[in-house]
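A closer look at the structure
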Amino acid sequence: MNEALQIEAPPPHPTFAETTKVWAKIGLLSFGGPAGQIALMHKELVEERRWISESRFLHALNFCMLLPGPEAQQLATYIGWLLHGTRGGIVAGVLFILPGLFVILGLSSAYALFQQTDWLTGLFFGLKAAVLAIVIEAVIRVGRRALKTQFALIVAALAFAALFFFDLPFPLVVLAAGIAGYVATRLQPATGEKAIAAAAKQALADRPSVIDSSFPDVASSWSRTFRVLATWLVLWIAPFVVIGGILGFGNVHTAIGLFFSKMAVVTFGGAYAVLAYVAQQAVESYQWLKPGEMLDGLALAETTPGPLVLVLSFVGFMAAFRAPPGLDPLVSGLLGATLATWVTFVPCFLWIFLGAPYVETLRNNRALSGALAAISAAVTGVILNLAVWFGLHVLFSEVNRYAAGPISMPLPVWQTFQLPAFFLALLAALLLFRFKRGIVTTLAICAVAGWLIRGF
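Position labels on residues start from 1 in each chain and follow its written sequence. For a predicted model such as this one, the threshold for reporting local features is a pLDDT of at least 70, and the threshold for listing and counting side-chain atom pairs is 80 or more; totals across whole chains, interfaces and linings nevertheless cover every residue. Hydrogens and water molecules were not included; the side-chain quantities draw on all heavy atoms of the structure.

1. Concerning the overall build of the protein chain
Check the secondary structure of the protein chain and you find 18 helices and two strands. Put simply, the protein chain has 456 residues, and 54% of those count as buried. Sequence separation of at least 24 residues holds for 75% of the intrachain contacts in the protein chain that already meet a minimum separation of 6. All accessibility values rest on the Shrake-Rupley procedure with a 1.4 Å probe; residue burial counts only the protein chains present in the view. Carbon and sulfur atoms provide 68% of the accessible area of the protein chain, an area that totals close to 20,100 Å². The way it works is that DSSP assigns letters per residue, a run of H or I at least four long becomes a helix, a run of E at least two long becomes a strand, and they are numbered from the N terminus. Only protein chains enter the calculation, and the probe is 1.4 Å; a residue is then buried if its accessible area is under 20% of its type maximum, exposed if over 50%, and partly exposed in between. Here a residue-residue contact requires only that any non-hydrogen atoms of the pair lie within 4.5 Å.

2. Here we look at the pairing of strand S2 (residues 407-412)
The side chains of a regular strand alternate, first on one face of the sheet and then on the other. Bridge analysis of strand S1 (residues 399-404) against S2 gives six bridges, and the strand direction is antiparallel. Looking across to S2, one finds that Arg401 is bridged to Pro410. Connecting the antiparallel pair S1 and S2 is a turn made up of two residues, with Gly405 showing a positive phi of about 65°. Between any two strands, at least two bridges found by DSSP are needed for them to pair.

3. Remarks on empty space enclosed by the protein
Here a cavity denotes grid points, spaced 1 Å and computed from the protein atoms alone, that fit a 1.4 Å probe unable to get out, and a pocket denotes an open set having protein on both sides within 12 Å along at least 5 of 7 lines; residues with an atom within 4 Å of a point are the lining. Grid points are joined across faces, edges and corners, and a volume is the space filled by probe spheres set on the points. In the structure shown here, the tally under the stated rule is three cavities of 30 Å³ or more. There is about 40 Å³ of room inside the second largest cavity. Counting only elements with at least two residues in the lining of the second largest cavity, the list comes to helix H10 (222-247) and helix H11 (252-264). Just so you know the grouping, Ala, Val, Leu, Ile, Met, Phe, Trp, Tyr, Cys and Pro go in nonpolar, Asp, Glu, Lys and Arg go in charged, and all remaining residues, Gly too, go in polar. In terms of residue class, the lining of the second largest cavity is built from five nonpolar, four polar and no charged.

4. A closer look at a nonpolar patch on the surface
Each patch is assembled from residues with relative accessible area greater than 30% and no salt bridge, linking like charges that lie within 9 Å and nonpolar side chains (Val, Leu, Ile, Met, Phe, Trp, Tyr) that lie within 5 Å. Salt bridges are identified by distance alone: a Lys or Arg side-chain nitrogen within 4 Å of an Asp or Glu carboxyl oxygen. Together, Phe165, Phe166, Leu168, Tyr402, Ile407, Leu411 and Trp414 make up an exposed nonpolar region whose accessible area comes to about 640 Å². Structurally, Phe165 can be placed in the loop between helix H7 (150-164) and helix H8 (170-187).

5. Some remarks on the pattern of salt bridges
Evaluated as defined, the whole model comprises three salt bridges. With a closest N to O distance of 3.0 Å, Lys25 and Glu44 form a salt bridge. In this pair, Lys25 is assigned in helix H2 (residues 16-29) and Glu44 in helix H3 (residues 33-48), connecting sequence segments 19 residues apart. Notably, a salt bridge pairs Arg49 with Glu44, separated by 2.2 Å at the nearest N-O pair. Owing to a relative accessible area of 26%, Arg49 belongs among the partly exposed residues under this scheme. Take Glu44: its relative accessible area is 1%, and that puts it in the buried class. The structure contains a network of salt bridges with shared partners spanning Lys25, Glu44 and Arg49.

6. Overview of the packing of H3 against helix H4 (residues 54-65)
Lines fitted to C-alpha atoms define the axes, with helix axes restricted to the stretch in contact, and inter-axis angles between N-to-C directions lie between 0 and 180 degrees. In the contact formed by H3 and H4, the axes pass within 10 Å of each other and the chain directions differ by 150°. Put simply, H3 runs roughly antiparallel to H4. The interaxial crossing formed by H3 with H4 has right-handed handedness. The residues of H4 that touch H3, namely those facing Ile38, Met41, His42, Val46 and Glu47, are Glu54, Phe57, Leu61 and Met65. A breakdown of the residues in the contact of H3 with H4 according to their chemical character gives six nonpolar, one polar and two charged. When describing relative orientation, an angle under 35 degrees is termed roughly parallel and one over 145 degrees roughly antiparallel, while 65 to 115 degrees is termed roughly perpendicular and anything else oblique. Crossing chirality is assigned from the near helix's rotation relative to the far helix, an anticlockwise turn below a right angle marking it left-handed and a clockwise turn marking it right-handed.

7. A word on the nonpolar core
What we call a nonpolar core is a set of buried Ala, Val, Leu, Ile, Met, Phe, Trp, Tyr and Cys residues that are connected through their side-chain atoms within 4.5 Å. Counting 134 residues, the largest nonpolar core has Met41, Tyr78 and Phe260 as the members making the most contacts within it. In terms of residue count, the dominant contributor to this core is helix H5 (residues 71-114) (18 residues). Residue contacts for Phe260: discarding those within four places in its chain leaves Val278, Trp288, Leu312, Val315, Gly316, Ala340, Val343 and Thr344.

8. So, the packing of aromatic side chains
Aromatic pairing here means that ring centres of Phe, Tyr or Trp (its six-membered ring) are within 6.5 Å. Orientation follows from the plane angle: under 30 degrees is stacked, over 60 is edge-to-face, and everything else is tilted. One pass over the structure, following the stated rule, counts 20 aromatic pairs. Here Tyr78 and Trp81 contribute two aromatic rings whose centre-to-centre distance is 5.9 Å and whose plane-to-plane angle is 90°, an arrangement assigned as edge-to-face. Of the two residues, Tyr78 and Trp81 are both situated in helix H5; the distance of three residues between them amounts to about one turn of the helix. For the pair formed by Tyr78 and Trp81, the shared burial category is buried. Seen in terms of ring centroids, Phe259 and Phe260 are 5.1 Å apart; in terms of plane orientation they differ by 75°. Their pairing is edge-to-face.

9. Some thoughts on the packing of H10 against H11
With their axes 10 Å apart at the nearest point, H10 and H11 run at an angle of 170° to one another. Taken together, the axis directions place H10 and H11 in an arrangement best described as roughly antiparallel. Residue-level inspection shows Trp236, Phe240, Ile243 and Leu247 of H10 in contact with H11, the latter providing His253, Thr254, Gly257, Leu258, Ser261 and Ala264. Considered class by class, the residues forming the contact of H10 with H11 number six nonpolar, four polar and no charged.

10. Observations regarding H7
Note on helix geometry: an α-helix contains 3.6 residues per turn, so any two residues three or four positions apart are oriented the same way. Expected span of a helix, by definition, is 1.5 Å for each gap between consecutive residues, and there is one gap fewer than residues. The end-to-end C-alpha distance of H7, which contains 15 residues, comes to 21 Å, matching closely the 21 Å that a straight helix rising 1.5 Å per residue would cover. When H7 is considered as a whole, its buried residues turn out to be Ala152, Val155, Ala156, Ala159, Phe160, Ala162, Leu163 and Phe164.

11. Structural notes on unusual backbone geometry
Within the chain, Arg50 stands out as a residue other than glycine whose phi angle is a positive 55°. Among the secondary structure elements, Arg50 is positioned in the loop between H3 and H4.

12. So, the confidence of the model for the protein chain
For every residue, the predictor assigns a confidence score, pLDDT, that lies between 0 and 100. Residues at a pLDDT of 70 or more form 85% of the protein chain, whose mean pLDDT is 82. The secondary structure element of the protein chain with the lowest average pLDDT is helix H1 (residues 2-8), at 51, and the one with the highest is H2, at 95. In the predicted structure, residues 1-6 sits below a pLDDT of 50 and forms one contact with residues beyond four places in sequence or in another chain.

13. Digging into the environment of Ala152
Mapped onto the fold, Ala152 is located in helix H7. Since its relative accessible area comes to 6%, Ala152 is described here as buried. Considering only alpha carbons, one finds Ala152 and Ile375, 223 residues apart in sequence, at a separation of 8.9 Å.

14. Some remarks on the side chain of Ser408
Along the chain, Ser408 turns up in strand S2. For Ser408, a relative accessible area of 16% corresponds to the buried category.

15. Regarding H10
With 26 residues, H10 extends 38 Å between its outermost C-alpha atoms, agreeing within 8% with the 38 Å of an ideal straight helix rising 1.5 Å per residue. To get the bend at a residue, fit one axis to the 7 residues ending there and another to the 7 starting there, then take the angle between the axes. The sharpest bend along H10 comes to roughly 35°, located at Ile237, with the proline Pro239 sitting one to four residues further on. By the burial criterion, the buried members of H10 are Arg224, Thr225, Val228, Trp232, Trp236, Pro239, Phe240, Ile243 and Gly244. Once H10 ends, the next one or two residues include Gly248, with phi positive near 90°.

Right under this line is the structure:
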């Protein structure tokens, strides 16, 4: 009887120290790009700890998908903000970045000095295969919650097709889904009522959580909006003033700060959305990198935890390493990488702290219920696309792009199928689904197995 009552009751609100430990754990284990990171947060925060309900998790994810920058890091910031206000959001967002940043700084230093990082290949070969199983688990769980109507299934399928077969930017796809849901709600009341009923059913299906439908909204005001905007804009530009005052403004660090500040406001779709442009500018215009080095940087970023957009930290490191303004090249490189990271991620906190209170109030607006339900469905298609993309790159050593007319889709080179990666992913699936092992155990076992396979 007591156990049944405990299941029906929400867990106690976690302390700030408890959440800090969990955010640190997520930051250390957030391999696999956005799909793997969203899957990890879903498992840790929704399934295991019940700190946030499924519907609130999807609501936050819907908003983050529409923002420039890494959506998984912004989702962590959003949930941290819900749990413990501004300090919670800062800790969640920073801890999501720091482990990967430290790793990328070390790898960038080794790359610049020795041009050699092959020793990582085997270890992360097993990690990536394990993450594939975690991603598949997330797609299944999110899909079960978000796809409750025929309209939602159609939206998810169209979103996946638009992304996978036509390579459309996913913010455009998600926005189109929201408009379609809103229009359907307005023009066909019956469809709208079904969407609202589906949303209500989803809320009812949520397990009792710390942040659920009864969690109070955070009030916003124009004074708060102004304070947030002023504070984070000052933080954004502060490095320019400090570095410029010490080293002058006519150097590589100023160019890094300005260039990556611009990238921060146009990086819709994550790292891959702007990768080609950054590579072109870094190689041809600024001559920060040599041809092919951008791919090396991407490989380093893919083998580290945290957002894939940390590849920009590698670019900042190499740029400053090769043009040090009176500093030791290594010190200059570390400063350049840190500056690139700062101007890339500070805007992410600005978007969340500025917009989240207003987005929270939309949950109670029935006129937008259809739009939000459609966006939830589209997000399922987005995650499925990320999972397929990631799966192709895990299971095949070479993936090209097939283009014919409007179609532009990834196409694996079938002869490069990696049987060891398939068996490692199968091992991870057995550990997760059959033997109910935790993520840490699964990642550790597969990492060791991958190292043994590649090492021998």
